[in-house]
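Coordinate analysis (summary)
Chain by chain, the residues run as shown.
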Amino acid sequence: MNVVQSTSVTSASPKAELRGPSTVNLYGESPHIEITLDDFEVYALKRLKVLRKIEQLKTMRVTSELYKLKIDESIKENLSDATIDEVSHFILRLSYCQSEELRRWFLAQETYLFQHRLKGLSKDQLAKSVRKYAQIKPIPGNEKDRLEKQLTKLSLSPGEFAASNFYAVPFQQALDLVASRQCFLSKGYAYIPESKVMSILVSKFRTELSRELVLLSNANSFSSEDPEAERVYPLLKNLSNCMVNHDSEDHQGVSTGLTAATADGMAVHMPLCMRQLQDGLKADKKLKHWGRLQYGLFLKGAGMSMEDALLFFQRHFSIVTGEKFQKEYAYGIRHMYGKEGKRASYTPYNCSKIIMGNAPNAGDHHGCPYRHYDEQSLRSLLQRLKIGNEQDRRNILAHKSKGDFQLACQKHFEVAHPKALAHDGIMENVGNHPNAWFRASVQYRDRTAGATTVSPEKTGPMDK
Ligand code: SF4
């Protein structure tokens with residue numbers, strides 16, 4: 001891919017033009033295409049919108065129909081053009097190969113997208129798609145008939161056997177199916193029914209993309225002497241920041257009543273990351289740089305005014321003199337609100353940014369406990385805060401151990417707000433943004449007012 005400076009016409013990849021919407025793209029080769037810097041960014045942002053939508057929907061409790069509908073809408077709006085689809089995939093590979101966290105995020109969302117598209121294909125379209133993977137071959141009807149006895153043993157009823165197409169795949173690509181005896185083996189090939197093809201394709205897609213990302217990250221040295229790299233590198237860097245900076249959650253019209261005076265008492269409505277910062281602030285009577293930034297922006301997003309933020313931090317930074325506070329810390333708080341420096345304003349960090357950001361060192365309180373604490377520390381913390389019962393905590397930790405940090409956080413919300421699922425839409429974005437968690441908790445309190453008493457001494461807003 002060649003990036004040109006001008007805003008002139010780009011030439012589409014011939015391969016992309018040929019590929020109709022009826023097959024999925026396996027992104028085997030990067031396109032040979034000239035593209036303007038403007039389009040480079042626009043294409044990548046379009047794909048990011050789709051990937052972020054996938055990430056967002058995964059943590060929301062939506063029906064599979066709604067899930068499909070929303071992703072289809074997003075794909076139609078952003079990636080219906082085959083060239084944009086292909087080019088944007090390769091741009092984001094370059095951008096998201098740069099760290100393990102970014103690779104993991106990109107791989108997870110791309111695999112979902114691939115799987116989603118596969119599910120939307122008809123039988124013929126699926127057969128056409130797998131032909132691209134030369135080693136997965138549909139077997140002809142006469143071979144199917146010849147192998148009927150062996151193939152019907154794959155737990156297929158006679159009706160299912162008659163209706164299904166079968167494929168032959170090198171057995172190394174179907175090791176799971178071989179291990180669970182869900183295929184018929186002959187001469188180095190595994191014979192599988194169509195219903196299993198999808199899982200093989202998805203796993204192959206995932207493995208290949210994962211390998212490509214690692215190779216790319218090893219080869220990805222941007223020389224400052226290469227003028228093209230110099231133009232593109234800041235864009236690539238910015239694109240990976242886009243993902244983590246995109247959500248500028250604020251209090252979104254929900255009056256949270258957060259002020260310097262109420263903040264301590266309202267900590268019960270904060271997600272674990274922010275409660276740790278609040279507790280750390282109280283214990284240490286100060287917060288280090290990343291903690292001030294993470295917590296300060298969260299408070300701003302939750303509706304605290306700049307004047308109140310100055311008051312709040314000054315009161316808590318009781319080990320520094322008023323003069324030192326004004327000199328060393330007040331500027332940073334005004335800066336967060338866009339009142340100092342060049343940048344207009346800073347947005348609160350979303351979960352992805354916190355999870356992928358700097359891990360806390362000793363004495364730090366920033367980060368995401370679900371991501372950055374080991375299992376034992378997290379278990380003790382949940383216990384100390386009396387979040388749910390033993391089984392609830394096990395359920396939360398099960399998500400953590402699978403690397404589903406945001407789902408663990410969402411589970412925490414459900415446990416602390418037992419009737420939340422009955423309140424339509426209240427949990428929107430919980431698990432994606434700390435400010436959404438806080439807003440939802442305050443809304444829950446307001447909606448259930450009278451039924452539940454919130455006490456600042458209690459450790460969770462609605463702890464059982
Ligand atoms: Fe905070 Fe998000 Fe981690 Fe929850 S998942 S603790 S809201 S960073």
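These notes cover the structure that comes with them. Being a predicted model, the structure only gives us computed values, none of them experimental.

Moving on, we get to helix α2 (residues 37–58). Spanning 22 residues, α2 covers 32 Å between terminal C-alpha atoms, matching the ideal 32 Å at 1.5 Å per step. Of all the positions in α2, only Leu 37, Phe 40, Tyr 43, Ala 44, Arg 47, Leu 48, Val 50, Leu 51, Arg 52, Ile 54, Glu 55 and Leu 57 are classed as buried.

With that out of the way, let us pick up the pattern of salt bridges. Counted according to the given criterion, the structure contains 13 salt bridges. Close ionic contact of Arg 211 with Glu 212 constitutes a salt bridge, the shortest N to O distance being 4.0 Å. The partly exposed category is assigned to Arg 211, whose relative accessible area is 48%. Residues Arg 315 and Asp 264 are paired through a salt bridge, measuring 3.8 Å at the closest nitrogen-oxygen approach. Residue Arg 315 is found in helix α15 (residues 306–316), and its partner Asp 264 is found in the loop between α12 (227–245) and α13 (272–284); the two are separated by 51 residues along the sequence. Classification of Arg 315 as partly exposed rests on a relative accessible area of 46%.

A few words on the environment of Phe 325. Take Phe 325: it is sitting in helix α16 (residues 322–336). The class for Phe 325 is buried, based on a relative accessible area of 1%. Considering only alpha carbons, one finds Phe 325 and Leu 310, 15 residues apart in sequence, at a separation of 9.4 Å. Contact partners of Phe 325, with chain neighbours within four places excluded, come to Leu 310, Phe 313, Gln 314, Phe 317, Val 320, Ala 330 and Ile 333.

Before going further, it helps to spend a moment on the site of the ligand. Inspection of the region around the ligand gives Pro 271, Cys 273, Cys 351, Ile 354, Cys 368, Tyr 370, Cys 409 and Pro 434 as its neighbouring residues. Of the residues that constitute the shell around the ligand, the class distribution is eight nonpolar, no polar and no charged.

Before going further, it helps to examine the packing of aromatic side chains. Aromatic ring pairs are defined here through the distance separating the ring centres and the angle between the ring planes. According to the stated counting rule, one finds 17 aromatic pairs in the structure shown. Here Phe 413 and Trp 437 contribute two aromatic rings whose centre-to-centre distance is 4.9 Å and whose plane-to-plane angle is 85°, an arrangement assigned as edge-to-face. Here the residue Phe 413 occupies a position in helix α21 (residues 405–416), and Trp 437 occupies one in helix α22 (residues 434–447), the gap between them amounting to 24 residues. Taken individually, Phe 413 and Trp 437 each receive the classification buried, so the pair is uniform in this respect. Joined through ring pairs, the aromatic side chains of Tyr 295, Phe 298, Phe 312, Phe 313, Phe 317, Phe 325, Tyr 329 and Phe 438 make up one cluster. In this structure, Lys 353 is placed above the aromatic ring of Tyr 349, and the distance from its NZ or CZ to the ring centre is 4.9 Å.

For helix α4 (residues 82–96), built from 15 residues, the straight-helix expectation of 21 Å at 1.5 Å per residue is met to within 8% by its first-to-last C-alpha distance of 21 Å. Within α4, 14 of the 15 residues are buried, which leaves the element mostly enclosed by the surrounding structure.

Parameters at a glance
- Residues numbered from 1 in each chain as written.
- Predicted model: local features only at pLDDT ≥ 70, side-chain atom pairs only at ≥ 80, totals over all residues.
- Heavy atoms only, no water.
- Helix = DSSP H or I, 4+ residues; strand = E, 2+ residues; numbered from the N terminus.
- Expected span 1.5 Å × (residues − 1).
- Buried < 20%, exposed > 50% of the residue type's maximum accessible area, 1.4 Å probe, protein only.
- Salt bridge = Lys/Arg side-chain N within 4 Å of Asp/Glu carboxyl O.
- Contact = heavy atoms within 4.5 Å.
- Near = heavy atom within 4 Å.
- Nonpolar A, V, L, I, M, F, W, Y, C, P; charged D, E, K, R; others polar.
- Phe/Tyr/Trp six-rings, centres within 6.5 Å; stacked < 30°, edge-to-face > 60°.
- Lys NZ or Arg CZ within 6 Å of the ring centre and 35° of its normal.

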